[in-house]
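As a plain string of letters, each chain reads:
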Amino acid sequence: EAGVAQSPRYKIIEKRQSVAFWCNPISGHATLYWYQQILGQGPKLLIQFQNNGVVDDSQLPKDRFSAERLKGVDSTLKIQPAKLEDSAVYLCASSLEFPSGIAKNIQYFGAGTRLSVL
Amino acid sequence: AQSVAQPEDQVNVAEGNPLTVKCTYSVSGNPYLFWYVQYPNRGLQFLLKYITGDNLVKGSYGFEAEFNKSQTSFHLKKPSALVSDSALYFCAVRDINTGGFKTIFGAGTRLFVKA
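Cut-off values and rules
Residues numbered from 1 in each chain as written. Chains lettered and ligands numbered in written order. Predicted model: local features only at pLDDT ≥ 70, side-chain atom pairs only at ≥ 80, totals over all residues. Heavy atoms only, no water. Helix = DSSP H or I, 4+ residues; strand = E, 2+ residues; numbered from the N terminus. Buried < 20%, exposed > 50% of the residue type's maximum accessible area, 1.4 Å probe, protein only. Polar contact = N/O pair within 3.5 Å; in protein donor to acceptor, adjacent residues only side chain to side chain. Contact = heavy atoms within 4.5 Å. Buried area = accessible area lost by both parts, 1.4 Å probe. Salt bridge = Lys/Arg side-chain N within 4 Å of Asp/Glu carboxyl O. Disulfide = S-S within 2.5 Å.

Glancing now at the side chain of A:Ser94. Residues and elements named next belong to chain A. Summarising the element assignment, Ser-94 is placed in strand E9 (residues 88-95). The class for Ser-94 is buried, based on a relative accessible area of 0%. From its side chain, Ser-94 meets the backbone nitrogen of Ile-26 in a polar contact 3.4 Å long. Those residues in contact with Ser-94 that sit more than four places away from it in its chain are Val-4, Pro-25, Ile-26, His-29, Thr-31, Leu-32, Tyr-33, Ile-106, Gln-107 and Tyr-108.

Attention shifts here to the interface of chain B and chain A. Each partner contributes to the interface: chain B provides 18 residues, whereas chain A provides 27 residues. Taking both sides of the interface into account, the surface hidden between chain B and chain A amounts to around 1800 Å²; carbon and sulfur atoms contribute 54%. Here chain B is connected to chain A by zero salt bridges. The interface formed by chain B and chain A contains three residue pairs in polar contact (both at pLDDT 80 or more). Counting residues per element, the side of chain B that touches chain A draws most heavily on strand E5 (residues 31-38) of chain B, at four residues.

In this section: the pattern of salt bridges. This structure, assessed with the given rule, holds four salt bridges over all chains. The partner of A:Arg64 in a salt bridge is A:Asp86, with the nearest N and O atoms 2.5 Å apart. Of this pair, A:Arg64 sits in the loop between strand E6 (53-56) and strand E7 (65-68) while A:Asp86 sits in the loop between strand E8 (75-79) and E9; the two residues are 22 residues apart in sequence, bridging distant segments of the chain. The buried category is assigned to A:Arg64, whose relative accessible area is 11%. The shortest N-O distance in the salt bridge between B:Lys58 and B:Glu64 comes to 2.9 Å.

Taken as a whole and assessed by the stated rule, the structure comprises two disulfides over all chains. The residue that forms a disulfide with A:Cys23 is A:Cys92, at a sulfur-sulfur distance of 1.9 Å. Its S-S torsion of about -70 degrees marks the bond between A:Cys23 and A:Cys92 as left-handed, since a negative value means left-handed. Taken as a pair, A:Cys23 in strand E3 (residues 19-24) and A:Cys92 in strand E9 lie far apart in primary sequence, 69 residues in all. When its relative accessible area of 0% is taken as the criterion, A:Cys23 is described as buried. For A:Cys92, a relative accessible area of 0% translates into the label buried. Paired by a disulfide, B:Cys23 and B:Cys91 hold their sulfur atoms 2.0 Å apart. One quick way to see it: the torsion about the S-S bond of B:Cys23 and B:Cys91 is about -65 degrees, and its sign makes the bridge left-handed. With B:Cys23 in the loop between strand E3 (19-21) and strand E4 (24-26) and B:Cys91 in strand E10 (residues 87-95), the pair connects residues that are 68 residues apart, well separated along the chain.

Here's what the structure looks like:
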């Protein structure tokens, strides 16, 4: 079974530039998550999709961050314009069931995209 | 609001000795609890979870964790550490009653196992 795929692995941009990250979840996984992991901290949820609908985006800085999951499969996360404090690893994860289900709620993570904003 | 704390930034242990990585949580309802491990330049990998039932849960790579409701703790343990266990460990919690859909991760504990 293929894992969660993310690209690119690394990205270096200057502040005020735009950047986009791509994620392809595990086949059949209905729930997709984007996390921001700043060095020395745990992952912080930015946005969570159930199929192609948003179920939680309370911590997404909507003035500069946007995300979409067209057709309920792969997803893109965009930052426009980037700030220095956006330097972090952006992790994508997927899970088989909607979180409220009785089942596993185990998240499977991609390797992440390391963003450096100069 | 739900929260999770990992009081130790780093844990050092000699190979072959038992290890414990501590985690405490705060939720207003019943928790789902998880441990994930992160190796360098890789995403998080699921280790084990507590949903309901037996307070002692067993997971991957010989790890186990004990849910203690009175102490609101979910410490990760292994009877005999391996050098290959050296990694970053994250505890996570979700309040299944009032926490909505969000899983909250701790700041992580770096485990060093010395040969």
